[in-house]
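# Inside the fold
Now for the letters of each chain:
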Amino acid sequence: MRRLSVVIPVYNEAESLPLLHQAIQQALCTQPDLWWEVVYVDDGSLDNSMQVLESLVKDDPEHTRAVELRRNFGQTAAIAAGIDHSQGEIIILLDADLQNDPADIPMMLEKMDQGYDVVSGWRVNRQDKFFTRVLPSRLANWLISFVTGVHLHDYGCTLKAYRREVLTGFRLYGEMHRFIPAYAHSVGARMIEVQVNHHPRRFGRTKYGLTRTLKVILDLFTVKFLISFANKPIYLFGGTGISLMAFSMMTLLFLLVRRLWLGTSVTRSPFFSISAMFFILGFQSILMGLIAELLVRTYHEAQQKPTYTVRRVLAPASDQT
Ligand code: UDP
Ligand code: MG
């Protein structure tokens, strides 16, 4: 039997919730061979979202859970809380505002059945303001695809399905839920993109504006660093260090040659200080890389994090304990 958890962060969405729950029930109740639950996370809502959730849990206790956070921690933290409190091995993230359509879920489940680990929703007809939302999001998608090497049309779309295995070992900080696909790719997840519906907001208002794009770009640095260099930081720091030192040496060589040919002073040229500065910077950078290597070892060993991920193991039954 397949086990599905739909995880939904909720911040001031009281009017949408009953309709949303109905839509989910409609989409899932006809699915054969499926155990499912919806985990709502109330992210410190100021309206009566929590009361609405209480009544949803009362009406449909078999399929509904609600987690109430003590204050507003932000969408990413709410999602993390929901995942921690969910039980399914397939996790689908969804927004509470009815902009995503639960009717897309069965199609995504089908893709999961075909063996994909991540099914990424793509809002082809996005219904949001063009200049403050759609345009920055296009640029962000392009930038994230370029930097991480994982090409998706719509990182910002919450509606995505994940196999639980590809989510473990990844803590969500800041605005980072949108980077889960990039991370999942780095642990070897099989990924596919599907087109999903998108509706304009009917109740309440969006919680975001342009400032989020800035946060997303800053997060991108962290994610790129973590994905590409978290295991071998010396490659980044040492590489930078060696390049700087090579540059410094070349400048020095240029000064020496000039001295021999033209008799110009080496030490009185501004290039001399530049060369010295680059040398020191490069040396420092290599030392920083070594410290980072120490940190990485503490990180992996303290948390017993493996440096690899296993899809499956084939072994005779007698081997398994
Ligand atoms: N949300 C949340 N905590 C927050 C902000 C938003 O849990 O601090 C939830 C919100 O209730 C919604 C989802 O995150 O379910 C996406 O928010 P919103 O619709 O405002 O974002 P947009 O769709 O405009 O990007
Ligand atoms: Mg929305």
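The structure under discussion appears in the preceding block.
Note that the structure is a prediction, hence the values are computed from the model and not measured.

The next point concerns the pattern of salt bridges. Summed over all chains, the structure comprises ten salt bridges. Of the charged contacts in the structure, one is a salt bridge between Arg2 and Asp113, with a shortest N-O distance of 2.6 Å. Placement of the pair is Arg2 in strand β1 (residues 2-10) and Asp113 in helix α4 (residues 105-113), with a sequence separation of 111 residues. Given the relative accessible area of 17%, Arg2 is considered buried. For the salt bridge of Arg126 with Asp128, the shortest nitrogen-to-oxygen distance reads 3.0 Å. Residue classification places Arg126 among the buried residues on the basis of a relative accessible area of 17%.

Once that is clear, we can look at the pairing of strand β7 (residues 191-196). Burial of the side chains of β7 is restricted to one face: Ile192, Val194 and Val196 are buried, whereas none of Met191, Glu193 and Gln195 on the reverse face is. Of the pairings in the sheet, the one linking strand β5 (residues 118-123) to β7 comprises six bridges and is parallel in character. Within the sheet, the bridge partner assigned to Val119 lies in β7 and is Ile192.

Right, let's talk about the site of ligand 1 for a bit. Taken together, 18 residues are adjacent to ligand 1, and Glu13, Asp43, Asp97, Arg133 and Thr206 come closest. The backbone of Ala96 places a nitrogen or oxygen atom 2.8 Å from an oxygen atom of ligand 1. The separation between an oxygen atom of ligand 1 and a polar side-chain atom of Thr206 is 2.7 Å. Bound to the protein, ligand 1 loses 95% of the 530 Å² it would expose on its own. Its residues placed into classes, the shell around ligand 1 shows five nonpolar, five polar and eight charged.

This brings us to the coordination of the magnesium ion (ligand 2). Distances from the magnesium ion (ligand 2) to its protein donors, namely Asp97 (OD) and Gln99 (OE1), fall within the range 1.9 to 2.0 Å. Comparing Asp97 with Gln99, the two get one shared label, buried.

What follows covers empty space enclosed by the protein. Any empty space left between the atoms is revealed when a probe the size of a water molecule rolls over them. Under the criterion given, the structure shown has one cavity of 30 Å³ or more. There is about 40 Å³ of room inside the largest cavity. Residues of the lining of the largest cavity, tallied by class, amount to four nonpolar, two polar and two charged.

Right, let's get into unusual backbone geometry. Unlike most non-glycine residues, Asn12 shows phi in positive territory, near 55 degrees. Following the sequence through the fold, Asn12 ends up in the loop between β1 and α1 (16-28). With phi around 70 degrees, Leu98 is a residue other than glycine that occupies positive phi space. Within the fold, Leu98 resides in the loop between β4 (90-93) and α4.

With that settled, the discussion passes to the packing of α1 against helix α2 (residues 49-59). Where α1 contacts α2, the two axes come as close as 9 Å, and the packing angle between them is 30 degrees. Handedness of the crossing formed by α1 with α2: right-handed. Across the interface between the two elements, Leu17, Pro18 and His21 from α1 touch Ser49, Val52, Leu53 and Leu56 from α2. The class makeup of the residues in the contact of α1 with α2 is five nonpolar, two polar and no charged.

What follows covers the sheet that holds strand β2 (residues 34-42). Sheet strands line up and pair through hydrogen bonds in the backbone, either parallel or antiparallel. A sheet is described by the order of its strands in space; here seven strands give the open sequence β3-β2-β1-β4-β6-β5-β7, paired in mixed fashion. At either end of the open sheet lies a strand with only one pairing partner, and these are β3 (64-68) and β7. Direction aside, neighbouring strands of the sheet carry axes that sit 20 degrees apart on average. The strands touched by helix α3 (residues 75-84) within the sheet are β1, β2 and β4, with β1 carrying the most contacts at an inclination of about 150 degrees. Its contacts with the sheet place α4 against β1, β2, β4, β5, β6 (160-163) and β7, and it is angled at close to 165 degrees to β7.

Scoring rules and cut-offs
Residues numbered from 1 in each chain as written. Chains lettered and ligands numbered in written order. Predicted model: local features only at pLDDT ≥ 70, side-chain atom pairs only at ≥ 80, totals over all residues. Heavy atoms only, no water. Salt bridge = Lys/Arg side-chain N within 4 Å of Asp/Glu carboxyl O. Helix = DSSP H or I, 4+ residues; strand = E, 2+ residues; numbered from the N terminus. Buried < 20%, exposed > 50% of the residue type's maximum accessible area, 1.4 Å probe, protein only. Pairing = 2+ DSSP bridges. Near = heavy atom within 4 Å. Polar contact = N/O pair within 3.5 Å; in protein donor to acceptor, adjacent residues only side chain to side chain. Areas by Shrake-Rupley, 256 points an atom, 1.4 Å probe, with all protein chains shown as cover. Nonpolar A, V, L, I, M, F, W, Y, C, P; charged D, E, K, R; others polar. Donors = N, O, S within 2.8 Å, 3.2 Å for Na, K, Ca; no water. 1 Å grid on protein atoms, 1.4 Å probe; cavity = no way out; pocket = protein on both sides within 12 Å on 5 of 7 lines; lining within 4 Å. Points joined across faces, edges and corners; volume = space filled by probe spheres on them. Axes fitted to C-alpha atoms, helices over the stretch in contact; angles between N-to-C directions. Left-handed = near helix turned anticlockwise from the far one by under 90°. Contact = heavy atoms within 4.5 Å.

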